[in-house]
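Fold and contact review
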Amino acid sequence: MLTGNIQRDEFGELCFAGQNVRSLAEEYGTPLYLMDADRIRFNCRLYRKAFQESFGENALPLYASKAASFRQICRIMAEEGLGIDTVSRGEIYTALSAGFPAEKIYFHGDGKTDEDIRYAVSARIGFFIVDNETELECLQAEAAAQGVRQKVLLRITPGIDPHTYEAVNTGKVDVKFGVPIAEGLGLRFVKKALAMDVIEVAGLHCHVGSMVFDEMVFEDTVDHMVSFMKELHNTLGFVTQELNLGGGYGVRYLESDKTIDIPARIKALAEHIRQRISEAGLSMPYILMEPGRSIVADAGMTVYTVSTVKHLTGLKNYVIIDGGMADNPRYCLYQAPYTALPVSCEEGSKEVFDLVGRCCESGDIIQPEVKLPANIKRGDLVAVCTTGAYNYSMASNYNRLGRPPVVMLQGGEHFVAVRRETLEDLCALDV
Ligand code: LLP
């Protein structure tokens, strides 16, 4: 099976995190997001242990909550000792209201508004990750007004191509995020930040992309960042105390995808950082990373009920389900691959179908050309695997569809972490 938490029982029925998927669908209805909390914790521990072994106490993994943000996930992150990367007031509020410690919240974003800045300063979050010079000026004014000394990391664009799809490629020199090292722009940015009296520059941040598989991407990033750190040290006497290398490790959506051995990658990366830092004559900074997808993706599964099966003889076969692009827009946006499985026994002949949603546009595709039982029919259940990252968080109410609930599976138990949106919820904001 694609991930270790997917199995079939002795009757061939699909199980996720050791629990029968059909029974869960009967109890909670479909479409249904399932989240394996034990797997999330396992992934958190994998990062924590790898960081501990590779960097000692001098490092912290942050969870990039854009991958999936709701209170129960934030509680897990607090319990597992990770920090949290946020990108909006909504994500900060979610974390704080789940009891997540403010000092371990890092606030990202290239378009922070005055309200965002005011809110985050007054919430006393640990760090702003400042994207640009305008933000620096606004933050200086707001922090001064609130009498706060605000710690920041400065977002730098190292000029790296991580070889991933364009929408998530953020390392190249001309992207909209951060300030490039190139053209002296990075140096000017740091100089400006150092001149601000209530801003304390703890270090630098970079993030080059998501779904990164290439072995050397983080190493190349380190090379660029360390040489910039050296330049800052030599020209401004600035010591980079913290270096945040962003998120981005890819995950398996298909059986044919590569597996990344994250602990091994982190160990190799740590050695590389140590070597480069010592060659540069600098002292080892506190290391941060911001994994999102690789913490929650394989903890997710979405369960749908088949509404219609269409055989357009000689043309195409469709399986139409009770969800679609509103709960998972990733194929529509990125042609993202997914593995779909029938919930009941897989034996018998198969046919190729486009697995499509119920929204009123022909682009509403979850996955083209999937093999499903030839006799699949209305009422059957289909599971889509590896939906834990960027599905719930990117879901919409398009066509006024209510978002599915998120049901957490933990230690053989299950409970609702986010309830299903009702018709009243859909009109709750209408006047
Ligand atoms: N840090 C920063 C600054 C980021 O922008 C991101 C992702 C992460 C960390 C986490 O990256 P991860 O470990 O999850 O790859 N909606 C797209 C993904 C967008 C990623 C945006 N930034 C998708 O569904 O594939």
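Presented here is an overview of the structure given in this document. (Residues numbered from 1 in each chain as written. Predicted model: local features only at pLDDT ≥ 70, side-chain atom pairs only at ≥ 80, totals over all residues. Heavy atoms only, no water.)

**Comments concerning the sheet that holds strand β1 (residues 6-8)**
Keep this limit in mind: For two strands to count as paired, DSSP must find a minimum of two bridges between them. Secondary structure is summarised from DSSP: a helix means a run of H or I of at least four residues, a strand means a run of E of at least two, and numbering begins at the N terminus for each.
If you trace the 3 strands from one edge of the open sheet to the other, you get β1-β2-β3, paired in antiparallel fashion. In the strand order of this sheet, the two ends are held by β1 and β3 (19-20), each with one partner.

**Comments concerning helix α8 (residues 217-236)**
The condition is simple: The span expected for a helix works out to 1.5 Å for each residue beyond the first. Here the term buried applies to any residue with accessible area under 20% of the maximum for its type, exposed to any over 50%, and partly exposed to those in between, with areas from a 1.4 Å probe on protein chains only.
With 20 residues, α8 extends 28 Å from end C-alpha to end C-alpha; this agrees with the ideal 28 Å at 1.5 Å per step. Among the residues of α8, Val-217, Phe-218, Glu-219, Thr-221, Val-222, Met-225, Val-226, Phe-228, Met-229 and Leu-232 are the ones counted as buried. Following α8 by one or two positions, Gly-237 adopts a phi angle in the positive range, close to 70 degrees.

**Here's the deal with the packing of helix α6 (residues 133-146) against helix α7 (residues 185-194)**
Put simply, the rule is: Helix axes use the C-alpha atoms of the stretch in contact, all axes being lines fitted to C-alpha atoms, and the angles between their N-to-C directions lie in the range 0 to 180 degrees. An angle below 35 degrees is read as roughly parallel, one above 145 as roughly antiparallel, one from 65 to 115 as roughly perpendicular, and any other as oblique. We call two residues in contact when some of their heavy atoms are within 4.5 Å. We call Asp, Glu, Lys and Arg charged. Ala, Val, Leu, Ile, Met, Phe, Trp, Tyr, Cys and Pro are nonpolar, and the rest, Gly among them, are polar.
Axis separation between α6 and α7 bottoms out at 10 Å; the angle between their running directions is 5 degrees. With respect to each other, α6 and α7 are oriented roughly parallel. Between α6 and α7, the residues in contact are Glu-133, Leu-136 and Glu-137 and Arg-188, Phe-189, Lys-192 and Ala-193, respectively. Residues that form the contact of α6 with α7 fall into these classes: 3 nonpolar, no polar and 4 charged.

**Here we look at the environment of Gly-209**
With respect to the helices and strands, the residue Gly-209 is situated in the loop between β11 (199-205) and α8. When the C-alpha positions of Gly-209 and Ile-273 are compared, they lie 19 Å apart, and in sequence the two are 64 residues distant. Discounting residues that sit within four places of it in the chain, Gly-209 has contacts with Pro-162, Val-168, Thr-170, Gly-247 and Gly-248.

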